[in-house]
Amino acid sequence: SPRKMASVADFIQICMCRGDVVIKNSLFDGAGDDCLNTHGIHFKITKIDGNDLTVRFMHPQSHGFNPLRAGDKIAFIDTDTLIENGSATIEKSELLNEYEIKLTLNSINGAKLGEVIEDVSACPNLEFKNNTMTRIITRGILVTTRGRVNIENNHFVSTSMSGVLLSDDAKSWYESGMCTDVTIQNNTFDYCGGTPILIKPENKKYLGAVHKNIKIKNNTFKSYKSPCVSAKDTDNILIENNKFLSGDKIKITNCGNLKFN
């Protein structure tokens, strides 16, 4: 049934969750931060002892719980490139204190002190459909998840920053991770203070694509001074059948396998 709620921060934040997230048929008006933020956590490796790792929450807004479960697959991520260097399975997970978790793994190949891990098992699928966003002080949707993402038939009336941001970072907010299957279709971007669709992993060095398999189809972009779609360090991007009311349509940096129709 209908609900009304207020927020001084993100309206909805999905952090270290699993399964399927479906958000539809809603009005989001006047958020104090993003309308929706879906992400995991990059935990920093602070100690290696045999097959035991100690990892740490690095951002002060997320700590004090243990989302890392026995049986989960984790990836070892280079903080500069955001590229995966190896993987392992968690055999045991123990919350040591408010900021540290001790993991026993089946392998530590690829693990390095000072680098980070991502829990690949805690990457939900997301469907965001038939929603309206207006007077959003930052982004409409911030997405960093390996799960299947469908952003469809939404109306971005007013966001101060980008309408959709695909991020990923391991040095500031520590919000993971790479996006591997994203469809953005049949949306209207009425006004966004920043680039309406921004694909910007926060890697410091390029050694290969961070994100991949992005489809941007049948969207309408109203008049913008900046590019309507901007992407860096991403592979397999399809941009087709969109309606651009701006002369400056796309900006691409270090992207392979781009199809633009």
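Residues numbered from 1 in each chain as written. Predicted model: local features only at pLDDT ≥ 70, side-chain atom pairs only at ≥ 80, totals over all residues. Heavy atoms only, no water.

### Section: the sheet that holds strand E8 (residues 84-95)
To be explicit about the condition: Following DSSP output, two strands are said to pair if at least two bridges run between them. Comment: elements are numbered from the N terminus, with helices defined as DSSP H or I runs of at least four residues and strands as E runs of at least two. A fitted line through C-alpha atoms serves as each axis, taken over the contacting stretch for helices, and the angle formed by two N-to-C directions is quoted from 0 to 180°.
The strand order E5-E6-E9-E8-E7-E10 describes a closed barrel built from six strands, whose pairing is antiparallel. Neighbour-to-neighbour, the strand axes of the sheet open up by a mean angle of 45°, direction not taken into account.

### Digging into the environment of methionine 58
As a reminder, the rule being used: The contact criterion used is simple: two residues touch if any of their non-hydrogen atoms lie within 4.5 Å.
By secondary structure assignment, the location of methionine 58 is in the loop between strand E6 (52-56) and strand E7 (73-77). Sequence spacing of methionine 58 and valine 22 is 36 residues, and the spatial spacing of their C-alpha atoms is 29 Å. Discounting chain neighbours no more than four positions away, the residues touching methionine 58 are Lys44 and Tyr174.

### Considerations on the side chain of asparagine 219
Here asparagine 219 shows up in the loop between strand E21 (211-217) and strand E22 (220-221). When sequence neighbours within four positions are dropped, the list of residues in contact with asparagine 219 reads Ile184, Gln185, Asn186, Asn187, Phe189, Asn241, Asn242 and Lys243.

### Examining unusual backbone geometry
Keep this limit in mind: For the exposure calls, accessible area comes from a 1.4 Å probe over protein chains only, and a residue counts as buried if that area is under 20% of its type's maximum, exposed if over 50%, partly exposed in between.
Residue glycine 177 follows serine 176 across a cis peptide bond; omega there is 5°. Residue position: glycine 177 is located in the loop between strand E17 (175-176) and strand E18 (182-185). Residues other than glycine seldom take positive phi values, yet arginine 135 does so here, at roughly 55°. Among the structural elements, arginine 135 can be located in the loop between strand E12 (132-134) and strand E13 (141-144). Although it is not a glycine, asparagine 186 adopts a positive phi angle of roughly 60°. Looking at the element boundaries, asparagine 186 is found in the loop between E18 and strand E19 (188-189). Assessed through its relative accessible area of 32%, asparagine 186 is described here as partly exposed.

### Section: the sheet that holds strand E25 (residues 243-244)
Taking strand neighbours across the sheet as the criterion, the six strands line up as E3-E12-E15-E19-E22-E25 in an open arrangement whose pairing is parallel. On the outer flanks of this sheet lie strand E3 (27-29) and E25, each paired with one strand and no other.

### Some thoughts on the nonpolar core
The following threshold applies: By nonpolar core is meant a set of buried Ala, Val, Leu, Ile, Met, Phe, Trp, Tyr and Cys residues that side-chain atoms within 4.5 Å join together.
The biggest cluster of nonpolar side chains holds 37 residues, and the ones touching the most others in it are Phe128, Ile141 and Phe189. Each residue touching phenylalanine 189, except ones within four places of it in the same chain, is listed here: Phe156, Gly163, Val164, Ile184, Pro196, Ile197, Asn219, Thr220, Phe221, Lys222 and Tyr224. Of all hydrophobic cores here, the second largest spans 19 residues; its members include Phe76, Ala88, Ile90 and Ile117.

### So, the pattern of salt bridges
Threshold: Salt bridges are defined by distance alone: a side-chain nitrogen of Lys or Arg within 4 Å of a carboxyl oxygen of Asp or Glu.
Across all of its chains, the model carries 12 salt bridges by this definition. For glutamate 100, the salt bridge identified is with arginine 56, shortest N-O distance 4.0 Å. With glutamate 100 in strand E9 (residues 100-105) and arginine 56 in strand E6, this pair connects stretches of sequence that are 44 residues apart. Classification of arginine 56 as partly exposed rests on a relative accessible area of 30%. One salt-bridge network, held together by shared partners, links Arg18, Asp72 and Asp119.

### Quick word on the pairing of strand E11 (residues 125-129)
Alternating residues of E11 divide into Leu126 and Phe128, all buried, and Asn125, Glu127 and Lys129, none buried. Inspection of the sheet shows strand E2 (residues 20-24) paired to E11 by five bridges, in the parallel sense. For valine 21, the partnering residue across the bridge sits in E11 and is leucine 126. Pairing of E11 with strand E14 (residues 149-152), which is carried by four bridges, proceeds in the parallel orientation. In the sheet register, phenylalanine 128 faces E14, and the bridge partner there is isoleucine 151.

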